[in-house]
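Read off the chains here:
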Amino acid sequence: MAKSPAVDSEMIDISEARRWQDELSDLITDPEELIRLLQLDPAQLPWAQRANEKFALRVPRPFLRRIRPADPNDPLLLQVLPGAAELEVVAGYSADPLKEAEANPLPGVVHKYHGRLLFIAAGQCAVNCRYCFRREFPYGDNHLNRKQWSAALDYVRAHTELREVILSGGDPLVMNDRQLGWLAGEMAQIPHLNKLRVHSRVPIVAPSRITDEMLSWFSQSRLKPVLVLHCNHANEIDAEVRGALLRLREAGVTLLNQAVLLRGVNDSCEALEALSETLFDAGVLPYYLHQLDRVNGAAHFEVSDSVAVEIVEQLRRRLPGYLVPKLVREVPGVASKSPIEACVKPSKVD
């Protein structure tokens, strides 16, 4: 069989890039459009618009297609639709629940843990999750130009105890591959690093983002590639997402998932069991199940620690250990994620 000319692969690459970029440009940002497309009660609109003013609606259309129309309790819808509960002021909730401002030594760098640090690679996400702990993060102060990126890389070079850099945000995969490829190439030249981790929800909400170009800079480096996905419910994984995850696995990327325990979305053994099984079928291991970070506007999602522990105990009785995520909370100033089960007595779940 004759080999295809090089121009064909270049055209495919361009087509791949255009598709994901178009999908991340053609977002639903108007609550009225979302309510209309999903055949929801128009009476929700005034509250949705008010909450939208505080934290903007952003939903890619591939994710929208997985939401059941005319179902106000759909678990995917609840994660993205602004609502009245976000406007409530609740004691104990704040703009910076993890006190990341105290671990932000220079623009773009969050350094909280030994051996690894986080780069704020992008100031926005493909989707705005209503429980996001960084919904009030000062991204404007952490949007870097090339000179500032060089300073951040110098910080990594100076801290020889570091073994891993985590690209986060926002979502790093909203950046183009030219920028990400440059950054990954610079990190690969730092001898004490051995892993490059990306935290992203994009492969779940817009799987077309997983292109040959993206796989090239991520998986063909000397740094071991790890992708930590953010998926909260089994319904988020469709055939296109599975295809994207297969491409990542075939490229040698380690795939993990972290979920957030959310009231009304996945706060049952059945929902979390389905999530773990669906993730594993797609080649992803459950990693963390986070208790909610207490950010303003998210109190209605909180599940008590005692109920959370009981749900995970039920999960452990139904699944092998490698499919049970670690139930954790992030506590400001603590040197790692804090396990919850060791210090909380389970509560009976109906």
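Only a predicted model underlies this, so the values are computations on that prediction, with no experimental measurement involved. (Residues numbered from 1 in each chain as written. Predicted model: local features only at pLDDT ≥ 70, side-chain atom pairs only at ≥ 80, totals over all residues. Heavy atoms only, no water.)

Novice: Any chance you could explain the pattern of salt bridges here in plain terms?
Specialist: Pairing is possible between side chains of opposite charge, provided their charged atoms come close. A full pass over the atoms with the stated rule returns 22 salt bridges. A salt bridge links Glu23 to Arg19; the shortest N-O distance between them is 3.4 Å. Of the two residues, Glu23 and Arg19 both sit in helix H1 (residues 6-25), four residues apart, roughly one turn of that helix. The exposure class of Glu23 is buried, given its relative accessible area of 14%. (Salt bridge = Lys/Arg side-chain N within 4 Å of Asp/Glu carboxyl O. Helix = DSSP H or I, 4+ residues; strand = E, 2+ residues; numbered from the N terminus. Buried < 20%, exposed > 50% of the residue type's maximum accessible area, 1.4 Å probe, protein only.)

Novice: Quick question: what am I supposed to make of a nonpolar patch on the surface here?
Specialist: A grouping of Phe280, Leu285 and Tyr322 is seen on the molecular surface, where their side chains present a nonpolar patch of about 290 Å² in accessible area. Tracing the backbone through its elements, the reader meets Tyr322 in the loop between helix H12 (305-318) and strand S8 (326-329). (Patch = residues over 30% accessible without salt bridge, like charges linked within 9 Å, V, L, I, M, F, W, Y side chains within 5 Å. Areas by Shrake-Rupley, 256 points an atom, 1.4 Å probe, with all protein chains shown as cover.)

Novice: Could you clarify how one ought to interpret the nonpolar core in this entry?
Specialist: Where a protein is soluble and globular, its nonpolar side chains tend to be buried together. Phe119, Leu167, Met187, Trp217 and Leu248 are the most contacted members of the largest nonpolar core, which totals 98 residues. Excluding its chain neighbours within four sequence positions, the residues that come into contact with Trp217 are Leu173, Asp177, Leu180, Gly181, Ala184, Leu196 and Val198. (Core = buried A, V, L, I, M, F, W, Y, C linked by side-chain atoms within 4.5 Å. Contact = heavy atoms within 4.5 Å.)

Novice: Just checking my understanding: could you explain unusual backbone geometry for this structure?
Specialist: Note: most peptide bonds trans; most residues except glycine with negative phi. Cis rather than trans, the peptide bond between Gly169 and Gly170 has omega equal to 25°. If you check the backbone angles, Gln39 has positive phi at about 55° while not being a glycine. Relative to the helices and strands, Gln39 resides in the loop between helix H2 (31-37) and helix H3 (45-54). Using a relative accessible area of 54% as the deciding quantity, one classes Gln39 as exposed.

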